[in-house]
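Close look at the chain arrangement
Listed below, chain by chain, are the residues.
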Amino acid sequence: MKHIKTLTNKTLQNTVKKGGCGECQTSCQSACKTSCTVGNQSCEHSK
Amino acid sequence: MVYQYKNNGYNMVLDVESGSVHVVDDLSYDVVGLYGTHTLKEIQKELSGYDAGEIEEVYEEIRRLESEGALFTRDEYEDYITEFKRRPTVVKALCLHIAHDCNLACRYCFAEEGEYHGDRSMMSLEVGKQALNFLVENSGSRRNLEVDFFGGEPLMNFEVVKQLVAYGRSLEEKHNKKFRFTLTTNGVLLDDDVMEFANREMANVVLSIDGRKEVHDKMRPTRNGKGSYDLIIDKFKKFAEMRNGKSYYVRGTFTHDNLDFSKDVLHLADEGFDQISVEPVVGPEEERYTIKEADLPKIMEEYDLLAKEIIRREKEGKGFTFFHFMIDLTGGPCVAKRLSGCGSGTEYLAVTPWGDLYPCHQFVGEDEFCVGNVFDGVTRRDIVSEFKKTSVYSKEDCRECFARFYCSGGCSANSHKLNGTINGTYEVGCKLERKRVECALMIKAALADQSEE
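Residues numbered from 1 in each chain as written. Chains lettered and ligands numbered in written order. Predicted model: local features only at pLDDT ≥ 70, side-chain atom pairs only at ≥ 80, totals over all residues. Heavy atoms only, no water.

**Description of the overall build of chain B**
Our working definition: In DSSP terms, a helix is any run of H or I states spanning at least four residues, a strand is any run of E spanning at least two, and both are numbered starting from the N terminus. Radius of gyration here uses only the C-alpha atoms, and the compact-globule reference equals 2.2 Å multiplied by the residue count raised to the power 0.38. Residue burial is assigned from relative accessible area. The probe radius is 1.4 Å, only protein chains are included, and a residue is buried under 20% of its type maximum, exposed over 50%, and partly exposed in between. When checking whether two residues touch, look at their non-hydrogen atoms; a contact exists if any pair is within 4.5 Å. Counted as positive: Lys and Arg. Counted as negative: Asp and Glu. His and the chain ends are not counted at all. The atom standing in for a charge is NZ when the residue is Lys, CZ when it is Arg, CG when it is Asp and CD when it is Glu.
The number of helices and strands found in chain B is 17 helices and 16 strands. Relative to the 2.2 N^0.38 estimate, which gives 22 Å for 453 residues, the radius of gyration of chain B is 24 Å and therefore close to what a compact globule would have. Seen through its C-alpha atoms, chain B measures out along the principal axes to roughly 75 × 45 × 45 Å. Considering chain B as a whole, with its 453 residues, one finds that 61% of them fall into the buried category. Contacts spanning at least 24 positions in sequence make up 70% of the contacts within chain B whose residues lie at least 6 apart. Measuring between centres, the 58 positive side-chain charges of chain B sit 4 Å from its 80 negative side-chain charges.

Here it is as C-alpha cells:
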C-alpha cells in the first residue's frame, strides 16, 4: 500500500482460540512490582 | 476502536482490538480520523487542501484493511473474557516474603523499611517449605511455577533461600513441575557465593538501583543515613556481567524529586547495564516525593527524550532494553492474558514470613486482605472472588482506553490505595502507561524504518 504501512497485523484475534493456557510469567514476577505490565510479557507458545 | 497519535515525526494508527499497528502519511492520518462517520465525498470536501484522487486512494486502502479485520474492528472479547474469568483458577506464582527486615531505609518503601506495618521477622524453612507444597498442591496442571524471593531484603535470610531452592528442585520431577525462581535484592549483602548461586538457580534477578549516585543516595540510605550507591554499584556491574545472557534487571524508582529520570536510565546504560527498568513511584498524595498531576508534562517529555535516545543508541549498535518500552508485536501475550488482569489474588499470592497469604505483595500488612495461610490454604474465598472479577471490562475507565490491551486494567493495589477499591484505576498511572505504550510503538516504527534503509 502506498499510504499505509502495517507494522503488525491482527495478531490478537488469532490468540482467542489457542490462548489462555496460563503458563506464561505473572507480570509482577518480572521487573516490576508496582505497575501492571502484562503487555510486555512473552507467550510460552512462541518460545 | 481506532486510536491515532503523532510522535517523533511518525503518524501512528492502532486498531486496538485486533492489535494491528499502522504507520501512515499525513493524508491517511486525517482520513482515518473522519472514516466511518463521513462518506468519501464528505471527506474530500472536508480535506479540500488535498488532491481528491489521493483521498480516494487512501479511502480504498482503509477500506481494504477494514475488510481484512485490521482496522475499525469491534471489541468482541467481553463475553469471552467474562467466561474466561469464571474458569476455576489455580495458584501458579508466589511472592515469598523471605525477610520482613531490611538493611536499607528507602524513603519511598511501601514495605516501610521491610516491616510491612508489623514486626521484623524472617521466614523459617518450615514455613517456606509449606509455601512450596501449597503452590504445588494448588497449581493443577500448570507446569511452570514462579517463586520470587522478596522482602524486605531476602539476602538477610539467604540460608533459607538456598534450602528452599533445593527443596523446590526436589519436588519438580515427582510432580511434573518446573520452578522458576527469581530474586529481588538491594545488593548490600551480595557476594560471590550469592552471585554464583543465583546464576545457577535464578531465572531472573532484580537489582534495585535508582540511577545517578545523588538520586540513589537520597532515597535509598542505609539505616545510619548514609547513601548506599557506593556499596552496590560495582557488585551489580559484576553480577550483570556474570549473568552472561541470563535475564536480569537493574530496577529503579523515580519520584517527584528526579523528574529528569531519563538521565538515571541513561546513567545505568552508560555504566554498562543493558536490561533496565525505572518506574514511577506510587505513594500517598501528601508525601512530597509522590508523582503529582502537575509533574506529568515533564515526565512525558522525559519519556519522549528517552525513546529518541534509545532509537539513536540502537542504530549505533549500543541499544539496551527499557522494561517499560518493551512490546513484542508478534509474540506477545494472548487476549485472555491481556484482558483478564495481572492475576493478583487468584494465580499470584504473596506469603508473609509466618505463612499468611495475601492477594499480592502490596497488600501485605492490610489485615482485611489476608486470604488464608500456607497451612490451611485459602480460607477467604470471598476476597479471592472479588479479585477474580476484576478485568478491563469491570473498570469503567478502561473501556474507552486504547492501552487496556497492554496494562490489563492496571494495578489493583494502586487502585485500592488511591480509590479505596480494587476495581478502579489510578489516573496518574494510567496517563503514564498510555504515554509509554505510545513511545514503545513509535520505537518499533522507527526501528522498522531503519531495517528497511
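**Things to note about the sheet that holds strand S9 (residues 202–208) of chain B**
All names here are of chain B. Worth spelling out the cut-off: Two strands pair if DSSP finds at least two bridges between them.
Pairing in this open sheet of eleven strands is mixed, and the strands run S12-S11-S10-S9-S8-S7-S4-S13-S14-S15-S16 from one edge to the other. The open sheet has two edge strands with one neighbour each: strand S12 (321–322) and strand S16 (377–378). Here S9 runs beside strand S10 (residues 247–254); their pairing, made up of five bridges, is parallel. If you follow Asn204 over to S10, its bridge partner there is Ser247.

**Here's the deal with the UniProt feature "domain: Radical SAM core" (unreviewed entry) in chain B**
Note the threshold: UniProt positions are given in the numbering used here, feature names are shortened, and annotations may be inferred rather than shown by experiment.
The residues that UniProt annotates with the feature "domain: Radical SAM core" (unreviewed entry) are residues 88–321 of chain B. The span residues 88–321 of chain B is 39% helix and 20% strand, and its two end C-alpha atoms sit 36 Å from each other.

**Notes on empty space enclosed by the protein**
Residue and element names in this part refer to chain B. So the rule is basically this: Grid points spaced at 1 Å and placed over the protein atoms alone form the basis of the search, with a cavity being a set where a 1.4 Å probe fits but cannot get out and a pocket an open set showing protein on both sides within 12 Å along at least five of seven lines. Lining residues have an atom within 4 Å of a point. Grid points are joined across faces, edges and corners, and a volume is the space filled by probe spheres set on the points.
The final tally for this structure, using the stated rule, is seven cavities of 30 Å³ or more. The space that makes up the largest cavity amounts to roughly 520 Å³. Surrounding the largest cavity, 33 residues form its lining, Cys109, Phe110, Phe150, Ser208 and Arg220 being those nearest its centre. Looking at the lining of the largest cavity, the elements that each hand over two or more residues are strand S8 (178–185), S9 and S10.

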